[in-house]
Number of protein chains: 2
Amino acid sequence: MVAALAGVSRSTVSRVVNDAPNVDPDIVKSVQSAISTLNYIPNRAARSLASRRTNSVAVVVPESTSKVFADPFFATLVESIAQTLVETKYTLNLIVSSEARPEKTRSYLLGGNVDGALVVSHHSGDHSWTRISDSLPVVFAGRPFRGEGDSYYVEVNNQAAAARAAQHLVDAGRTSIATIAGPQDMYPGVDRLRGWETALRSARLDTSLVEVGDFTQASGREAMRRLLDRGQRIDGLFAANDQMAAGACSVLTDRNIRIPADIAVVGFDDDSFATSVTPALTTIHHPIVEMGHRMAEILLALIEGEPADRVNLLPTSLVVRDSA
Amino acid sequence: MVAALAGVSRSTVSRVVNDAPNVDPDIVKSVQSAISTLNYIPNRAARSLASRRTNSVAVVVPESTSKVFADPFFATLVESIAQTLVETKYTLNLIVSSEARPEKTRSYLLGGNVDGALVVSHHSGDHSWTRISDSLPVVFAGRPFRGEGDSYYVEVNNQAAAARAAQHLVDAGRTSIATIAGPQDMYPGVDRLRGWETALRSARLDTSLVEVGDFTQASGREAMRRLLDRGQRIDGLFAANDQMAAGACSVLTDRNIRIPADIAVVGFDDDSFATSVTPALTTIHHPIVEMGHRMAEILLALIEGEPADRVNLLPTSLVVRDSA
DNA sequence: TTGTACGCGTTATCAT
DNA sequence: ATGATAACGCGTACAA
């Protein structure tokens, strides 16, 4: 450590760099000036090796979602996490987790590369690497399918929110309400379907108008076509996210079905799709940005050894626009 | 290194892990089995410290673009880079570079954290950290404003492509062609404006219908309003990217100006905005995905000490849809 | 082909 | 409050 040439020992320099207490103010100054004149930059590898901390956290995103950032949910969430971390000393390591080689992700996370991980995927795939929570602090976006008992996660009450959305349609006098559900191998898909069902049940309405999509706009279009092709009357639609709702709307518009006059539409997420579509979507506001903040906050707390709540529920709200 | 308990010395284990040549096949096997039974994962910090290589590369994105991933250009580029890197041994470190504290980015890049950097921003801000190309392999997305002589970058011929777009309007018989230009402090903004000018000049058309935006949809809307408020006749528009074109289209539609009947519109990028707008945009296809691939390829080559071209031009093409 | 021994740059422990 | 010194876990000459 050449900076020691500026008068003191390496230990003292180390103390200054990590602004430890009990350092003579004068020495601090002289060391700092030495540092800047020598353009000294601490080597991270050495620091990590000695301190067993890396000052970086992993953000694990699914590769399967072929275009992760085309999905406003992922894009906004990652963005939000990045913005939160930039304020801290931690660096973000983006791990695209290929379902093909889960060991790569696993060994990365366990190889001492990061102090913690934020898992942004919530599919119920193999996820052998989900079993790492004991060796490494991990926070999930949404209740994970496995080990939900001992995992930290932040999410919204999908079922209640979906019920609220469906209830909005019921309150508007709609009596034949369909839904385009999300994938049934992840909780948001399951819970939002369940919420729609409970609202319709308590209104004694038919709950058979269900088609499943995969949260993409294209799947929303296809699901809408299948619903219409059933030949049954439909005057209300709840889509499990705005992307699918947008897809459905384009099909409705193509077939000259008026929104909301003929079919009222409610989405979920309140993302960019909600307002880019005509008419603007009535939808459930999903606090994605807040979600990213909280995830990062909780992870940092865990890393620092502070306690944190395992379950973190964020509030949602119904945003009424023009489609319902 | 506990794996040495499986028969041999640590050096041999190291050789096996880094699959060095001249290792007895039998020993390789026994070591590998020992590795898997012991769940041994090499510690990266130690490895980096000893080998002076980190097996990770930085992707520097601007924080200023408040929502980086809301911009299809950045989102697609980062996505593409991520997909390319996942096939390699390199890990992606996402650095959101705050213009407020450029030293943070600089010291990160120079602190031995990464083997190279991909710079995805091309603003002409302070960028004191641009001066790192000598200490670290760096590849830029688009010709950097400074030190373009000795930098590696991949881009398209913005001027020629813009000229082609404007020429398309000229060929369609449009005689009063406006443009919504990009920021004039970055080359894509400057070059696309210049291309539009040259095409109009050689057709002896007026080149005064210029308004400048910042590549966002909102700025496109405002610029379009300013253009219309000039009171001059306009029958053609070239926007420097699809987002601004989309913004302009929404204003035109609001004012009951038909596209392309009254005003033909040509965009630039061929991103998701181009097809989400009605009518679908005629635009310049910008090979963003290919760009990410090439950037990563070149960076890896540089890291490996292989030679690479400093200037890498990718081809564009005119995509004719419904707006012009 | 394999093992020995040293060094990578920093933090942590223990004296002082 | 400061300085010596031993780890940290691995790569890699060099020797065998």
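Residues numbered from 1 in each chain as written. Chains lettered and ligands numbered in written order. Predicted model: local features only at pLDDT ≥ 70, side-chain atom pairs only at ≥ 80, totals over all residues. Heavy atoms only, no water.

Chain A is annotated in an unreviewed UniProt entry as LacI family DNA-binding transcriptional regulator from Arthrobacter vasquezii.

*Asks:* Describe the environment of A274 of chain B, naming the residues involved and giving the relevant values.
*Replies:* Residue and element names in this part refer to chain B. Of note, A274 is situated in helix α10 (residues 272-276). Looking at A274, the relative accessible area reads 0%, which means it is buried. Measuring from C-alpha to C-alpha, the distance between A274 and T91 comes to 32 Å, with 183 residues separating the pair along the chain. In this structure A274 touches D242, A280, L281, T283 and R321, once residues within four positions along its chain are discounted. (Helix = DSSP H or I, 4+ residues; strand = E, 2+ residues; numbered from the N terminus. Buried < 20%, exposed > 50% of the residue type's maximum accessible area, 1.4 Å probe, protein only. Contact = heavy atoms within 4.5 Å.)

*Asks:* Just give me the short version of the sheet that holds strand β6 (residues 177-181) of chain B, but keep the residues and values in it.
*Replies:* Residue and element names in this part refer to chain B. Ordered by their spatial adjacency, 4 strands build an open sheet running β7-β6-β8-β9, and the pairing between neighbours is parallel. Strand pairing shows two members of the sheet lacking a second neighbour, β7 (210-212) and β9 (264-266), which therefore form its edges. Mean inter-strand twist for the sheet, computed between neighbouring axes without regard to direction, equals 15 degrees. Pairing between strand β8 (residues 236-239) and β9: 3 bridges, direction parallel. Bridge assignment links G236 to a residue of β9, and that residue is A264. (Pairing = 2+ DSSP bridges. Axes fitted to C-alpha atoms, helices over the stretch in contact; angles between N-to-C directions.)

*Asks:* Residue-level account of the relation of the copies chain A and chain B, with values.
*Replies:* By a simple turn and slide, chain A fits onto chain B: the slide is 0.0 Å along the axis, the RMSD is 0.1 Å, and the turn is 180 degrees. What we have between these two chains is a two-fold relation. Interface residue correspondence from chain A to chain B reaches 100%, placing this contact among same-surface, isologous pairings. (Least-squares fit on C-alpha atoms with pLDDT ≥ 70 in both.)

*Asks:* Requested: an account of the protein's contact with DNA strand C, with residues and values cited.
*Replies:* In the vicinity of DNA strand C, 26 residues are found, and the nearest of them are S14 of chain A together with S11, R15, I27 and R52 of chain B. Taking the atoms of DNA strand C that fall within 4 Å of the protein, sugar and phosphate contribute 66% of them. The backbone of N43 of chain A places a nitrogen or oxygen atom 2.9 Å from a phosphate oxygen of DNA strand C. Taken together, the residues of the surface near DNA strand C sort by class into 11 nonpolar, 9 polar and 6 charged. (Near = heavy atom within 4 Å. Polar contact = N/O pair within 3.5 Å; in protein donor to acceptor, adjacent residues only side chain to side chain. Nonpolar A, V, L, I, M, F, W, Y, C, P; charged D, E, K, R; others polar.)

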